[in-house]
Amino acid sequence: MRILAIETSCDETSAAVLEGEIGKENPIILSNIIASSVILHSKTGGIIPEIAAREQLRYIIPVVDKALIKAGCLKQGKNPIIDAIAVTVGPGLIGSLLVGVETTKTLAWIWNKPIIPINHLIGHIYANFIGNKPKTKNQKPKINNDYFPAIALIASGGHTDLVLLKKHGVIQWLGGTRDDAAGEAFDKIGRLLGLPYPAGPMIEKFAHEGNSKRFRFPRPLIHENTFDFSFSGLKTAVLRETQKLQRDRQNNSIEGIFDYQTICDFSYAAQAAIIEVLTKKTLEASKKYQTKSILLGGGVAANQTLVEAFRNSDNKIIVPQKLLCTDNAAMIGAAAFFYYEEKNWKQVTAKPELYFDL
Ligand code: KG4
Ligand code: ZN
């Protein structure tokens, strides 16, 4: 079975083709094309939904076309060789989601293919269930059922959630952020330091050269008996420290942005606080539910310092390749193989507020 997947929930326009047997093996990627409007948002320090939606419209057809061509699914004059189209229906920005959903409905109608609606958050988890291309013809990509029960931490720009995965399709939500998401905290703190959006990858780099002793920020909710997170207080603590430093600088007639070492020191301390909260809560959940593995997902899982912190625990840690941590259609296609429920174009709508239900 071949599934074309489409992801347009935020500022990435992505289409992928995955191949496999439903529920029997981890599907493999035949193509995964990602176009991003991030550069347009870097100037404004965050995503402007209207601009993101407009860019989705610009990219969607070329991106789908490229994904089908690269996967070898297009034969001239014929419908593409695919069996279904998976699409992110939510959560996300309404304007962006609509572009993917309406394009999918149109293509499904023209090509007479079923649609598989997919929850973006489940997609982030299923970036961990993608197989490697078999080296020989007889070799099959294996399915990782030995991960269960598993705890999944989804940490992205829009979400920070801890869920228990008992098996494929059986998910229990344990907790989530009460205010800012982990990625959002990286981005907002980056903005305070004068870094462009998205700041997460840059803060990770600067943190390597940071002085671990110069600043220390609070670890919100770390001692509370809950699997919830809160990062807005951390952002405020960084804001106060930057303001204090600015006052000192003004008193000494120093102008302009912070010096390189100061940015590194702030980056170190902010990242350390975020990582400590994420790892502690996740490890506690894993212990409480006696899970066999911890699955990471979402853009923040691309942070190697976070991954290392998890690997220092004696748990089995599963992380997608870096490119599959941030938004992409391959993860949506992968989820479709495990949450395969055919719908026709009339039954599918964009659901910006979707959470852990479809
Ligand atoms: O999953 P994603 O692409 O989009 C959402 O679904 O939100 O995540 C994007 C977020 C951004 O906030 C970005 O700063 C963060 O992931 N991010 C990182 C890193 N790479 C991306 N945060 C920390 N360290 C990184 N290396
Ligand atoms: Zn995402």
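Before reading on, note that the structure itself is shown above.
Remember, it's a predicted structure, so these values are computed and weren't measured experimentally. (Residues numbered from 1 in each chain as written. Chains lettered and ligands numbered in written order. Predicted model: local features only at pLDDT ≥ 70, side-chain atom pairs only at ≥ 80, totals over all residues. Heavy atoms only, no water.)

> Mind showing me how you'd approach the coordination of the zinc ion (ligand 2) here?
For a metal with four tetrahedral donors the ideal donor-metal-donor angle is 109.5 degrees, while six octahedral donors give ideal angles of 90 or 180 degrees. The protein atoms that coordinate the zinc ion (ligand 2) are H120 (NE2), H124 (NE2) and D327 (OD), at distances spanning 2.0 to 2.1 Å. Coordination at the zinc ion (ligand 2) is irregular, judged from the four donor atoms that bind it and the angles of 97 to 138 degrees they form at the metal. When the donors of the zinc ion (ligand 2) are listed by position in the chain, the intervening gaps give H-x3-H-x202-D. Of this pair, H124 sits in helix α4 (residues 120-126) while D327 sits in the loop between α10 (322-325) and α11 (329-338), and the two are 203 residues apart along the sequence. You'll find H124 and D327 in the same group, each marked buried. (Donors = N, O, S within 2.8 Å, 3.2 Å for Na, K, Ca; no water. Tetrahedral: all angles 85-135°; square planar, octahedral: opposite > 155°, others 65-115°. Helix = DSSP H or I, 4+ residues; strand = E, 2+ residues; numbered from the N terminus. Buried < 20%, exposed > 50% of the residue type's maximum accessible area, 1.4 Å probe, protein only.)

> I tried to follow the sheet that holds strand β8 (residues 170-176) on my own but got confused; where do I start?
Strands belonging to one sheet form pairs held by backbone hydrogen bonds; the direction of such a pair is parallel or antiparallel. Read from one edge of the open sheet, five strands run β8-β7-β6-β9-β10, paired in mixed fashion. Only two strands of the sheet have a single neighbouring strand rather than two, namely β8 and β10 (317-318). Relative to strand β9 (residues 293-297), strand β6 (residues 150-155) runs parallel, the two sharing five bridges. Across the sheet, L153 pairs through a bridge with L296, a residue of β9. The strands touched by helix α9 (residues 304-311) are β6, β9 and β10; relative to β9, the strand with the most contacts, the crossing angle is about 175 degrees. (Pairing = 2+ DSSP bridges. Contact = heavy atoms within 4.5 Å. Axes fitted to C-alpha atoms, helices over the stretch in contact; angles between N-to-C directions.)

> Whenever I open this one, the packing of helix α6 (residues 200-207) against helix α8 (residues 260-288) confuses me. Can you help?
At a minimum axis distance of 7 Å, the contact between α6 and α8 shows a crossing angle of 105 degrees. Comparing the axis directions of α6 and α8 gives the class roughly perpendicular. For the pair α6 and α8, the contacting residues are I203, E204, F206 and A207 in the first and Y260, I263, C264, S267, Y268 and Q271 in the second. Residues that form the contact of α6 with α8 fall into these classes: seven nonpolar, two polar and one charged. (Parallel < 35°, antiparallel > 145°, perpendicular 65-115°, else oblique. Nonpolar A, V, L, I, M, F, W, Y, C, P; charged D, E, K, R; others polar.)

> I'm lost on the pattern of salt bridges in this one. Help?
Oppositely charged side chains can pair when the atoms bearing their charge come close. Throughout the structure, instances matching the rule amount to 15 salt bridges. Measuring nitrogen to oxygen at the nearest pair gives 3.7 Å for the salt bridge that ties E102 to K105. Highlighted residues: E102 and K105, both in helix α3 (residues 94-111), separated by three residues, approximately one helical turn. Sharing partners across several salt bridges, the network here consists of D180, E184, K188 and K235. (Salt bridge = Lys/Arg side-chain N within 4 Å of Asp/Glu carboxyl O.)

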